[in-house]
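What the coordinates show
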Amino acid sequence: MSGRKPLIAGNWKMHKTIKETLDLITGIKAGLQGNEAADVLVAPPFTALSAAAGAVQGSNILLAGQNLHQEPSGAYTGEVSGQMIRDTGATHVIIGHSERRQYFGETDGLVNLKTRAALAAGLIPIFCLGETLEEREAGRTFEVLARQLEGGLKEFSTAEAAKIIIAYEPVWAIGTGKTATNDQAQEVHYFLRDLLGKIFEKRLASDTRILYGGSVKPDNAADLLACPDVDGALVGGASLKADSFLGIIHFDR
Ligand code: PGA
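This section reports on the structure supplied with the text. Note that residues are indexed from 1 along each chain, following the sequence as it is written. Restriction of local features to residues with pLDDT of at least 70 applies here, the model being predicted, together with a cutoff of 80 or more for giving and counting side-chain atom pairs; totals for whole chains, interfaces and linings are based on all residues. Hydrogens and waters are ignored; side-chain quantities use all the structure's heavy atoms.

**Comments concerning the site of the ligand**
Inclusion rule: Residues are labelled near a given molecule or strand when at least one of their non-hydrogen atoms is within 4 Å of it. Under the rule applied, a polar contact is a pair of N or O atoms within 3.5 Å (in protein, one hydrogen donor and one hydrogen acceptor; residues adjacent in sequence only if both atoms are side-chain atoms). Only the protein chains shown count as cover for residues, with accessible areas throughout obtained via the Shrake-Rupley method and a probe of 1.4 Å. Only Asp, Glu, Lys and Arg are considered charged in this grouping, and only Ala, Val, Leu, Ile, Met, Phe, Trp, Tyr, Cys and Pro are considered nonpolar; every other residue, Gly among them, is considered polar.
Around the ligand sit 13 residues in total, of which Lys13, His97, Glu169, Gly175 and Ser215 are the nearest. Interatomic distance of 2.7 Å between a side-chain N/O atom of histidine 97 and an oxygen atom of the ligand. Starting from 280 Å² of accessible surface for the ligand in isolation, the protein chains cover 96%. Looking at the shell around the ligand, its residues break down into 4 nonpolar, 7 polar and 2 charged.

Take a look at the structure:
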């Protein structure tokens, strides 16, 4: 048995005003009693992070930003730095989500810089990677994932890499209702853990949490989380309502 405690993380994307954020956190808190099986995290939009930090007080809910700029400060209109995210009370930040890679042109090199910036600001990166349907069908899944992992963590020390949470999110499963089968998820998670062991150390590989993301719902969470190398979930759509998010958090019931 691994000592990795599952993490259930909600990625709210571009949803929720401040009031909606407070309501959703109140709903999640109310249903968390007795939850010991998993760590819980939510990633509201930047505009609601400070309010969320007030609302999670008295609970174990962790907070994350959804992105950050790679520079600590400067003339970058519209951008938000790691320090600013840390300042809200958030402890984590999502990096390299496929929507950022697809719609905002984020490359492995940029993901590498952002991951460094997160660590420098004292934030724990949730480092996302995943193949597209086209890449999977062309038999290139492992080649793409290796490129993303090696490129994103290029020249990281073992001590730095040890702080990172990985999230495998096959692009074809995000927001589509299509989930990877348990075998597909386990195969990739095993591959990523093995690769982490080769790039860094075996010990780091066995300690690193690797989350699965892509249409995780209350009715498939338990099966996915039963895979030996799946250490939690990064949840989009189903994290926007307290009931469905709690249904995933309580996957063990
Ligand atoms: P989904 O999104 O759960 O709506 O598929 C997952 C994600 O993008 O993190």
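**Some points on the sheet that holds strand 5 (residues 124-129)**
Our working rule: Any two strands with at least two DSSP-identified bridges between them are counted as paired. Strands here mean DSSP runs of E at least two residues long; helices mean DSSP runs of H or I at least four residues long; both are numbered from the N terminus. Axis definition: a line fitted to C-alpha atoms, limited for helices to the stretch in contact. Angles are taken between N-to-C directions and run from 0 to 180 degrees. Should any heavy atoms of two residues lie within 4.5 Å, those residues are considered in contact.
Around the barrel, 8 strands lie side by side as 1-2-3-4-5-6-7-8; this closed barrel has parallel pairing. The average undirected angle you get between the axes of adjacent strands in this sheet is 25°. Pairing between strand 7 (residues 210-213) and strand 8 (residues 232-235): 2 bridges, direction parallel. When the bridges of strand 8 are listed, glycine 213 appears paired with leucine 234. Along the sheet, helix 7 (residues 141-152) makes contact with strand 5 and strand 6 (165-168), crossing strand 5 at roughly 155°. Lying over the sheet, helix 12 (residues 242-249) contacts strand 1 (7-11), strand 2 (39-43) and strand 8, oriented at roughly 155° with respect to strand 1.

**Details of the layout of surface pockets**
Counted only if it meets this: Lining residues are defined by having an atom within 4 Å of a point belonging to a cavity or pocket. Those points lie on a 1 Å grid over the protein atoms alone, cavities being sets where a 1.4 Å probe fits but cannot get out and pockets being open sets with protein on both sides within 12 Å along at least five of seven lines. Grid points are joined across faces, edges and corners, and a volume is the space filled by probe spheres set on the points.
Space inside the largest pocket adds up to approximately 440 Å³. Considering the residues around the largest pocket, the lining is formed by 16 residues, among which Lys13, Gln66, Asn67, Arg100 and Phe104 are closest to the centre. By residue number, the principal contributor to the lining of the largest pocket is helix 4 (residues 98-103), which donates 3 residues. Of the residues contributing to the lining of the largest pocket, the split by class is 7 nonpolar, 5 polar and 4 charged.

**Concerning the nonpolar core**
Side chains that are nonpolar tend, in soluble globular proteins, to be buried together. The criterion, for reference: As used in this record, nonpolar core signifies buried Ala, Val, Leu, Ile, Met, Phe, Trp, Tyr and Cys residues forming a set joined through side-chain atoms within 4.5 Å. Accessibility here uses a 1.4 Å probe with only protein chains present; expressed as a share of the type maximum, an area under 20% marks a residue as buried, one over 50% as exposed, and anything in between as partly exposed.
Ile8, Ile28, Leu149, Ile166, Leu192, Leu196 and Tyr212 are the most contacted members of the largest nonpolar core, which has 67 residues in total. Ignoring anything within four residues of it in the chain, the contact list for leucine 192 reads Leu129, Leu145, Leu149, Ile166, Tyr168 and Ile210. Counting residues in hydrophobic clusters, the runner-up holds 12 residues, among them Leu41, Ala43, Leu211 and Leu234.

**Observations concerning the packing of helix 1 (residues 18-31) against helix 2 (residues 46-55)**
So the rule is basically this: For a crossing to be left-handed, the near helix must be turned anticlockwise from the far one by less than a right angle; the clockwise case is right-handed.
At their nearest, the axes of helix 1 and helix 2 sit 9 Å apart, and the two run at 35° to each other. The two elements helix 1 and helix 2 meet at a crossing, and its hand is right-handed. Contact residues: helix 1 offers Ile18, Thr21, Leu22, Ile25 and Lys29, while helix 2 offers Thr47, Ala48, Ala51, Ala52 and Ala55. A class-by-class count of the residues in the contact of helix 1 with helix 2 yields 7 nonpolar, 2 polar and 1 charged.

**Some words on the side chain of glutamine 186**
By the element assignment, glutamine 186 lies in helix 9 (residues 182-199). Setting aside its immediate chain neighbours within four residues, glutamine 186 contacts Cys227, Pro228, Asp229 and Val230.

**A short note on the pairing of strand 7**
In regular strands, side chains alternate between the two faces of the sheet. The test is simple: Think of it like this: strands point away, you trace from the first strand over the helix to the second, and a clockwise trace means the crossover is right-handed.
Along strand 7, one buried face is formed by Ile210 and Tyr212 and the opposite face, lined by Leu211 and Gly213, is buried too. Summarising the sheet, strand 6 and strand 7 pair through 3 bridges and their orientation is parallel. Bridge pairing in strand 7 places isoleucine 166 opposite isoleucine 210. In this region the chain leaves strand 7, passes through helix 11 (residues 218-225) and returns to the parallel neighbour strand 8; the handedness of that crossover is right-handed.

Purely spatial values, then, with no claim about function.
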